[in-house]
Amino acid sequence: MTDYIKHLTSEGYSYIPGEYYKALDKIYGSGERDYLQELKNGYNNLILDPYSLGNRWRGYAQFRRLEDGTLIFGHFTPYKQTKKYNPDTGDIIRNYPLLPNSITENAILQYLLNDDIIFVEKYGKIGNLEDLTLGIHLFRYQAKFDSPAYSSPVWLHKDDEDVVFVHLINASSNMLGGDSIIASTPAKIERVLRLEKPFDTLVVNHDKYHAVTPVGCSINGEIAIRDIILVTFHKING
Ligand SMILES: [Fe+2]
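Residues numbered from 1 in each chain as written. Predicted model: local features only at pLDDT ≥ 70, side-chain atom pairs only at ≥ 80, totals over all residues. Heavy atoms only, no water.

1. Side note on the overall build of the chain
Note the following rule: Under the scheme used here, helices are H or I runs from DSSP no shorter than 4 residues and strands are E runs no shorter than 2 residues, and both carry numbers assigned from the N terminus. Residue exposure (1.4 Å probe, protein chains only): buried if accessible area is under 20% of the type maximum, exposed if over 50%, otherwise partly exposed. Note on contacts: a residue pair is in contact if any heavy atoms of the two residues lie within 4.5 Å. For accessible areas, the Shrake-Rupley method is used with a probe of radius 1.4 Å. Any residue's cover is judged against the shown protein chains and nothing else. The charge count treats Lys and Arg as positive and Asp and Glu as negative. His and the chain ends do not count. Taken as the charge centre is NZ of Lys, CZ of Arg, CG of Asp or CD of Glu, depending on the residue.
When you go through the chain residue by residue, the secondary structure sums to 5 helices and 13 strands. Projected onto its principal axes, the C-alpha coordinates of the chain cover approximately 50 × 50 × 35 Å. Looking at the chain residue by residue over its 238 residues, the buried ones come to 49%. Sequence-distant contacts, at least 24 apart, represent 79% of the contacts inside the chain between residues at least 6 apart. Per element, the accessible surface of the chain, about 11,400 Å² overall, is 51% carbon and sulfur. For the chain, the centre of its 25 positive side-chain charges and the centre of its 30 negative side-chain charges are spaced 4 Å apart.

Quick look at the structure:
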């Protein structure tokens, strides 16, 4: 983890290959329950984002870690993005249905959240966990041949949140695009990468701009999907 934290500190982003989360093999490969399949199934119950175009289905929760390490989930503070960072759909308080227990109690999701918390605590640049709002967004980009899926904003931007993890859960093989872009200024692209395998992860902070290219479907009559989990850490008074 140390190298990924260093890279985030010096370069404003970090790419973590899915193999890093190898302990997850024990969780979803245990044979008792198929947590990965349960997590994937959760994407079938999201809602089409009513606040922006782009064929994205989503679900949202905030979470906190109690002293004994337990994670609790709810809507603790209103969720909105500022116009400064999102001129597209900023300044609107957005209500999304709370993610169900079947998702928030999922062992794989809990593992990712705990690992992201440890990462942010070791990173140390955005203060204590108690002074941060922690969020989880499930996003499904669902594209057809003539109906792409795309993020809001679609161009290079910085997020409101101080640190954001993008964990890939699933991407269909008929997907076009979905590439992540890192840029030091809107005119200087530094890196293009694609989250391809389960749990491939991108972490970003406020130092660089980022974007993800629109998702299309390469085959007429099929549907392409890109399922991700965003885990966000936001300074309450930041
Ligand atoms: Fe973003």
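2. Thoughts on the nonpolar core
Heads up, the rule is: In these notes, a set of buried Ala, Val, Leu, Ile, Met, Phe, Trp, Tyr and Cys residues joined through side-chain atoms within 4.5 Å is what counts as a nonpolar core.
Core analysis: the largest hydrophobic core is formed by 38 residues, its most contacted members being I108, I136, I229 and F233. Counting only elements with at least two residues in this core, the list comes to helix 1 (2-11), helix 2 (24-28), helix 3 (35-42), strand 3 (56-65), helix 5 (107-123), strand 5 (132-144), strand 6 (163-171) and strand 13 (223-235). When near neighbours in sequence (up to four residues on either side) are disregarded, I229 contacts L39, Y43, L109, L112, I136, H137, L138, F165, V166, H167 and I169. Of all hydrophobic cores here, the second largest spans 20 residues; its members include Y13, I182, I228 and L230.

3. Description of the sheet that holds strand 9 (residues 188-194)
As a reminder, the rule being used: Two strands are counted as paired when DSSP detects at least two bridges linking them. Helix axes are fitted to C-alpha atoms over the stretch in contact, other axes to C-alpha atoms as well, and angles between N-to-C directions run from 0 to 180 degrees.
Strands sit in the order 9-8-11 across an open sheet of 3 strands; the sheet is antiparallel. The sheet is open, and its two borders are formed by strand 9 and strand 11 (209-212), each paired with just one other strand. Sheet twist, expressed as the mean angle between neighbouring strand axes with direction ignored, is 20 degrees. Across 6 bridges, strand 8 (residues 179-185) lies against strand 9 in antiparallel orientation. By the bridge assignment for strand 9, A183 is matched with I189.

4. Section: helix 3
Short version of the rule: Here, the arc refers to the directions that run from the helix axis to the C-beta atoms.
Three or more residues of helix 3 are buried, namely Y35, L36, L39 and G42. Along the axis of helix 3, the buried residues cluster in a sector spanning 115 degrees; they form a single face. Packing partners of the buried residues in helix 3 comprise helix 2, helix 4 (101-104), helix 5, strand 6 and strand 13.

5. A look at the environment of V163
Structurally, V163 can be placed in strand 6. For V163, a relative accessible area of 0% corresponds to the buried category. Linking V163 and H234, residues 71 residues apart in sequence, is a C-alpha distance of 6.9 Å. Not counting residues within four places of it along the chain, the set of residues in contact with V163 comprises V120, Y123, I126, V203, V204, V231, T232 and F233.

6. Re the coordination of the iron ion
Quick reminder of the rule: Metal donors: N, O and S atoms at distances within 2.8 Å, or within 3.2 Å for Na, K and Ca, with water omitted from the atom set so that some sites may seem incomplete.
Binding of the iron ion to the protein goes through H157 (NE2), D159 (OD) and H210 (NE2), at separations of 2.0 to 2.2 Å. Given the relative accessible area of 11%, H210 is considered buried.

7. Some details on unusual backbone geometry
Residue S152 is joined to P153 through a cis peptide bond whose omega torsion reads -5 degrees. Locating P153 in the fold gives a position in the loop between strand 5 and strand 6. With a phi close to 50 degrees, N55 is a non-glycine residue in the positive phi region. Mapped onto the fold, N55 is located in the loop between strand 2 (47-48) and strand 3. When its relative accessible area of 26% is taken as the criterion, N55 is described as partly exposed. Residue F199 is not a glycine yet carries a positive backbone phi of 75 degrees.

8. Topic: the side chain of N174
Cut-off, in case you're wondering: Pairs of N or O atoms within 3.5 Å make up the polar contacts considered here, provided that, within protein, one atom can donate a hydrogen while the other can accept it, and that residues adjacent in sequence are counted only when both atoms are side-chain atoms.
With respect to the helices and strands, the residue N174 is situated in the loop between strand 6 and strand 7 (175-177). At a separation of 2.6 Å, a polar atom in the side chain of N174 contacts the side chain of S172. Ignoring any residue separated from it by four or fewer positions in sequence, one finds N174 in contact with G216, C217, S218, I219, E222, I223 and A224.

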